[in-house]
Amino acid sequence: MHFDEIIGQQEAQDRLGQLLDEHRIPHALLITGPEGCGKMALAMAFARFLLSDGNSDIAADEARLRNAHAMLAKWEHPDLHFTYPTIKKSSWPSDHKPVSDDFTKEWHQMIAKDLYFTMEEWMTAMGAENQQAIITAEESDAIAHKLSLKASMGGVKIALIWLPERMNLQAANKILKLLEEPPEQTFFLMVSEHPEQLLETIRSRTQLFRMKRIDTEDIEKALVEKRGIAASAAHRIARVANGNWLKALEELNAGNENVLFLDMFKMLMRLSYLRNIHDLKKWVDIIATYGREKQKRLLEYFLRMVRENFMYNFGNPDLVYMTEEEEKFSVNFARFINEANVIEISMLLQKALRDIGQNANAKVVFFDLALNMIVLLIRK
């Protein structure tokens, strides 16, 4: 991944370039922004530069630079250390604590395909079932050991941590010590979806680097140039994606997960309006079979649909970002999401999302959601 392969984000690239030009690269950079904006792609391109062309010890030696480029093409540079959330497999001994090295093969296979990926893709790559992926204390020990060694290629070492908010408390405290006393010539690049979930002490020892959504025009251009999509279709997909490249890729696949989520949203709303408790229980049973990550994505989709249906009532197409199928449903449904209930419905869905994230019983959470939706949906 080179900087020119990143989709849009020219302003973010310029800010990084300014840090380089002014020799003000912080030892710990916390890169954050909306889902699908290209945080990981930017971090990887930056790491690549620091370990090759931006490394004065290597750049002056043509043979060493060529060697560094070859290793980075496969993301197998010995001074680039990846950390990411992992699971514990049932086949492992009970006393084994998972670390990133347990999934090196799966990780490299995934990032070799694309640097725009989701947590769900990573869970699938690991062979996860109904589990929560975390970064363990043992992983922090492994990072400390790797960074204590001298750089193999000379120059800098980089610890690239994907989703640091998934560190457990022990791991977070150990990483904090590393940030307080960083090894010589070491850079920490943390790529976070939810930086507010990190310890305040960790956030205070990093430089926050916020990214924005990708411009719609940049997504449209990438769909045409990288995916060969017709301009008219690319325009609609780019608007629906709303700055999220991952969402744009989902829309390219007619059988994507959001088709299922739309069906489940329709079912919930229709059964709630009819006060059909019997079939709502069946709906809950279906949702309960999903893994927790999928349940969270479902609720996030429901929140988006509530917002879009509320905005649909204003009759301004520039405010609405829906697919054709979503809009067909909203023609008749949108009037049920109004000033009298939109805030409480949103709060209800946010509460369910929070509860699922805290490992609450899924059947209890979704049945409570359904019962409350019956009351809220008929408000006018």
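These figures come from a predicted structure and were not determined experimentally. What you see as residue numbers is a count from 1 along each chain, following the sequence as written. Only residues with pLDDT of at least 70 are given local features in this predicted model, and only at 80 or more are side-chain atom pairs given and counted; all residues enter the totals for whole chains, interfaces and linings. Here the side-chain values reflect all heavy atoms present in the structure, with hydrogen atoms and water set aside.

(A) Summary view of the confidence of the model for the protein. With 97% of its residues at a pLDDT of at least 70, the protein reaches an overall mean of 88. A residue's pLDDT is simply how confident the predictor is in it, with values from 0 to 100. Helix and strand definitions here come from DSSP, where helices need a minimum of 4 consecutive H or I residues and strands a minimum of 2 consecutive E residues; each element is numbered from the N-terminal end. Model confidence for the protein, summarised as mean pLDDT per element, is weakest for helix α3 (residues 56-59) at 68 and strongest for helix α17 (residues 342-357) at 95.

(B) View of the packing of helix α7 (residues 137-148) against helix α8 (residues 169-180). To obtain an axis, a line is fitted to C-alpha atoms, over the contacting stretch when the element is a helix, and the angle between two such axes runs from 0 to 180 degrees between their N-to-C directions. Two elements in contact, α7 and α8, have axes separated by 7 Å at closest approach and are oriented at 20°. In terms of their interaxial angle, α7 and α8 are classed as roughly parallel. As for how α7 packs across α8, the hand of that crossing is right-handed. Contact residues: A137, S140, D141, I143 and A144 in α7; Q170, A171, K174, I175 and L178 in α8. Three classes are used: nonpolar for Ala, Val, Leu, Ile, Met, Phe, Trp, Tyr, Cys and Pro, charged for Asp, Glu, Lys and Arg, and polar for all others, with Gly counted as polar. The residue inventory of the contact of α7 with α8, partitioned by class, reads six nonpolar, two polar and two charged. Just so you know how the angles are binned, under 35 degrees is roughly parallel, over 145 roughly antiparallel, 65 to 115 roughly perpendicular, and the rest oblique. The handedness criterion is simple: a crossing whose near helix is rotated anticlockwise from the far helix by less than a right angle is left-handed, and one whose near helix is rotated clockwise is right-handed. Should any heavy atoms of two residues lie within 4.5 Å, those residues are counted as being in contact.

(C) Structural context of the packing of helix α14 (residues 277-288) against helix α18 (residues 362-377). Look at α14 against α18: their axes get within 9 Å of each other, and the N-to-C directions meet at 140°. For the element pair α14 and α18, the recorded crossing hand is right-handed. On α18, the residues touching I277, L280, K281, W283, V284, D285, I287 and A288 of α14 are A362, K363, F366, F367, L369, A370, L371 and I374. Classifying every residue of the contact of α14 with α18 by side-chain character gives 13 nonpolar, no polar and three charged.

(D) How the structure looks around helix α11 (residues 231-241). Among all positions in α11, only A234, I237, A238, V240 and A241 are buried. In a view along the axis of α11, the buried residues occupy a sector of 160°, so they form one face of it. Buried residues along α11 sit in contact with α10 (216-227) and α12 (245-252). Backbone geometry just downstream of α11 places N242 in the positive-phi region, at approximately 50°. Only protein chains enter the area calculation, which uses a 1.4 Å probe; residues under 20% of their type maximum are buried, those over 50% are exposed, and those in between are partly exposed. An arc is given here, and it is the one of the directions from the helix axis to the C-beta atoms.

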